[in-house]
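Here is how the chains run, residue by residue.
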Amino acid sequence: MATKIWTADAVIKKVSEYMNDAHVNMVKKAYEFARVAHRDQMRQSGEPYITHPIQVAGILADLHMDPETVSAGFLHDVVEDTGVELSDVQELFGHDVALIVDGVTKLSKIKYKSSEERLAENHRKLLLAMCQDIRVMIVKLADRLHNMRTLKSLRPDKQRRIAKETLEIYAPIADRLGIGTIKWELEDISLRYLNPQQYYRIVHLMNSRRDQRVDYIQKAISEVKSAIADLDIKSEIYGRPKHIYSVYKKMVEKHKQFSQIYDLLAIRVIVESIKDCYAVLGAIHTEWKPIARPL
């Protein structure tokens, strides 16, 4: 799936779908402020620096984050990288936006050095503990995701270092916060730079029968809908291929070849209550016999 490239107008259009006019105007104001603050700066890729805050804000808007968080997405680098003072951000955008911007600025100054699992977990706990507001970490994850998407402009040694840090620190935090879409992409991009041979091999193998898998997902969704139709439960059902890193991890941990990995697809049913969840699960188990996982 191609990565979405956001424009400022697209971000504003997206937030207009779920924010009121006052909140949309706040987001617009944050963009204009960031655009002026970063006007003379360029990224290492050669692009105007403002492209980065726009993408971060777009990722946050796609998650339907609140106006303060999306505004902070536009503004998250202005204190660290321009002459703007935190007091300016607070005066113009309020306490919450200033708190988030300040938190992201502080997180960016913490350097990760060890790859030992225990120390990596301590580092994750430290980052989360530093966040007075969890929205700080959500903005940081969006910031890291766009930086990963543009990693090709850096030296190979930096690419590997950042990819390793992302896999050990930021992807697990995204998982802990329940932001699967960010977790999956962070893991896949990290694998691309840490083990490109295996990454592209799995991509090739998955793409070779992609149309067949898409058809299978659509058929499975139809069958699930039929299985739960009589329950009269409000639900959302969608499917997706498993992401590349999860396939790679299963191959490594279970010492299997790609041809031996059978759960390459996933169907998800979202309902409104725990009671509905068990009712849907029971209906699905009536149609399909569950396979017990080995301990």
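Model, not experiment: these values are computed from the prediction.

Calculation criteria
Residues numbered from 1 in each chain as written. Predicted model: local features only at pLDDT ≥ 70, side-chain atom pairs only at ≥ 80, totals over all residues. Heavy atoms only, no water. Helix = DSSP H or I, 4+ residues; strand = E, 2+ residues; numbered from the N terminus. Rg over C-alpha atoms; globule rule 2.2 N^0.38 Å. Buried < 20%, exposed > 50% of the residue type's maximum accessible area, 1.4 Å probe, protein only. Contact = heavy atoms within 4.5 Å. Lys, Arg positive; Asp, Glu negative; His and termini not counted. Charge placed at Lys NZ, Arg CZ, Asp CG, Glu CD. Salt bridge = Lys/Arg side-chain N within 4 Å of Asp/Glu carboxyl O. Core = buried A, V, L, I, M, F, W, Y, C linked by side-chain atoms within 4.5 Å. Patch = residues over 30% accessible without salt bridge, like charges linked within 9 Å, V, L, I, M, F, W, Y side chains within 5 Å. Areas by Shrake-Rupley, 256 points an atom, 1.4 Å probe, with all protein chains shown as cover. Axes fitted to C-alpha atoms, helices over the stretch in contact; angles between N-to-C directions. Parallel < 35°, antiparallel > 145°, perpendicular 65-115°, else oblique. Left-handed = near helix turned anticlockwise from the far one by under 90°. Nonpolar A, V, L, I, M, F, W, Y, C, P; charged D, E, K, R; others polar. Domains from an automatic or database assignment. Buried area = accessible area lost by both parts, 1.4 Å probe. Polar contact = N/O pair within 3.5 Å; in protein donor to acceptor, adjacent residues only side chain to side chain.

Enquirer: Residue-level account of the overall build of the protein, with values.
Expert: The helix and strand tally for the protein stands at 15 helices and 2 strands. Computed over the C-alpha atoms, the radius of gyration of the protein is 21 Å, within 12% of the 19 Å expected from 2.2 N^0.38 for a compact globule of 295 residues. Across its three principal directions, the C-alpha atoms of the protein cover 60 × 45 × 35 Å. Out of the 295 residues in the protein, the part that is buried amounts to 44%. When contacts within the protein are restricted to residue pairs at least 6 apart in sequence, those whose partners lie at least 24 apart make up 70%. Mean positive and mean negative side-chain charge positions of the protein (45 and 40 charges, respectively) differ by 7 Å.

Enquirer: So, the pattern of salt bridges: which residues are in play, and what are the values?
Expert: The final tally for this structure, using the stated rule, is 17 salt bridges. In this structure, arginine 124 and glutamate 121 form a salt bridge, with 2.7 Å as the shortest nitrogen-oxygen distance. With arginine 124 and glutamate 121 both in helix α8 (residues 117-130) and 3 residues apart, the pair spans about one turn of that helix. Among the residues examined, arginine 124 registers a relative accessible area of 11% and is labelled buried.

Enquirer: Run through the nonpolar core, naming residues and quoting values.
Expert: Residues Val70, Phe74, Leu75, Val89 and Leu141 are the most contacted members of the largest nonpolar core, which totals 61 residues. In terms of residue count, the dominant contributor to this core is helix α9 (residues 134-149) (8 residues). Grouped together as the second largest cluster of nonpolar side chains are 13 residues, Tyr245, Tyr248, Ile261 and Leu264 included.

Enquirer: Give a description of a nonpolar patch on the surface that names residues and reports values.
Expert: A contiguous nonpolar patch, built from Ile274, Tyr278 and Leu281 and spanning about 360 Å² of accessible area, is present on the exposed surface. On the secondary structure map, isoleucine 274 appears in helix α15 (residues 274-287).

Enquirer: Lay out the packing of helix α1 (residues 8-16) against helix α3 (residues 51-62) in plain terms, naming residues and giving numbers.
Expert: In a packed pair of helices, the relevant descriptors are the angle between the two axes and the axis-to-axis distance. Packing of α1 against α3 brings their axes to within 9 Å, and their N-to-C directions diverge by 20°. One way to sum up the angle between α1 and α3 is to call them roughly parallel. The two elements α1 and α3 cross, and the hand of that crossing is left-handed. Packed against α1, whose contacting residues are Ala8, Val11, Lys14 and Val15, the element α3 presents Ile54, Ala57, Gly58, Ala61 and Asp62 at the interface.

Enquirer: Can you tell me about the side chain of histidine 146, naming the residues and giving the values?
Expert: Examined against the element boundaries, histidine 146 turns out to sit in helix α9. With sequence-adjacent residues up to four places away left out, histidine 146 is seen in contact with Arg43, Thr51, His52, Gln55, Val56 and Ile59.

Enquirer: Before we move on, can you summarise the packing of helix α11 (residues 180-194) against helix α14 (residues 244-253) with the specific residues and values?
Expert: Closest axis-to-axis distance for the α11/α14 pair is 7 Å, and the angle between their directions is 65°. For the pair formed by α11 and α14, the contact residues are Glu187, Asp188 and Leu191 on the first element and Ile244, Tyr245 and Tyr248 on the second. Its residues placed into classes, the contact of α11 with α14 shows 4 nonpolar, no polar and 2 charged.

Enquirer: Would you mind going over the environment of valine 224 in detail, with residue names and values included?
Expert: Mapped onto the secondary structure, valine 224 falls in helix α13 (residues 210-228). Separated by 60 residues in sequence, valine 224 and isoleucine 284 place their C-alpha atoms 6.9 Å apart. Ignoring anything within four residues of it in the chain, the contact list for valine 224 reads Ile237, Ile267, Val269, Ile284 and Trp288.

Enquirer: Account for the domain arrangement of the protein, with residues named and values stated.
Expert: Per the domain assignment, the segments of the protein are domain 1 (8-194) and domain 2 (208-287). On a C-alpha basis, the centroid separation for the pair domain 1 and domain 2 is 31 Å. Counting residues at the interface gives 6 residues for domain 1 and 6 residues for domain 2. The junction of domain 1 with domain 2 conceals about 630 Å² of combined surface from both sides, 72% of it contributed by carbon and sulfur atoms. A per-residue breakdown of the area domain 1 buries against domain 2 is headed by Trp184, Asp188 and Leu191, which together make up 77% of the total. At the boundary of domain 1 and domain 2, one finds 0 salt bridges. Scanning the region where domain 1 abuts domain 2 turns up 3 residue pairs in polar contact (both at pLDDT 80 or more). Of the residues forming the side of domain 1 that touches domain 2, the biggest block, 5 residues, is contributed by α11. Classifying every residue of the side of domain 1 that touches domain 2 by side-chain character gives 3 nonpolar, no polar and 3 charged.

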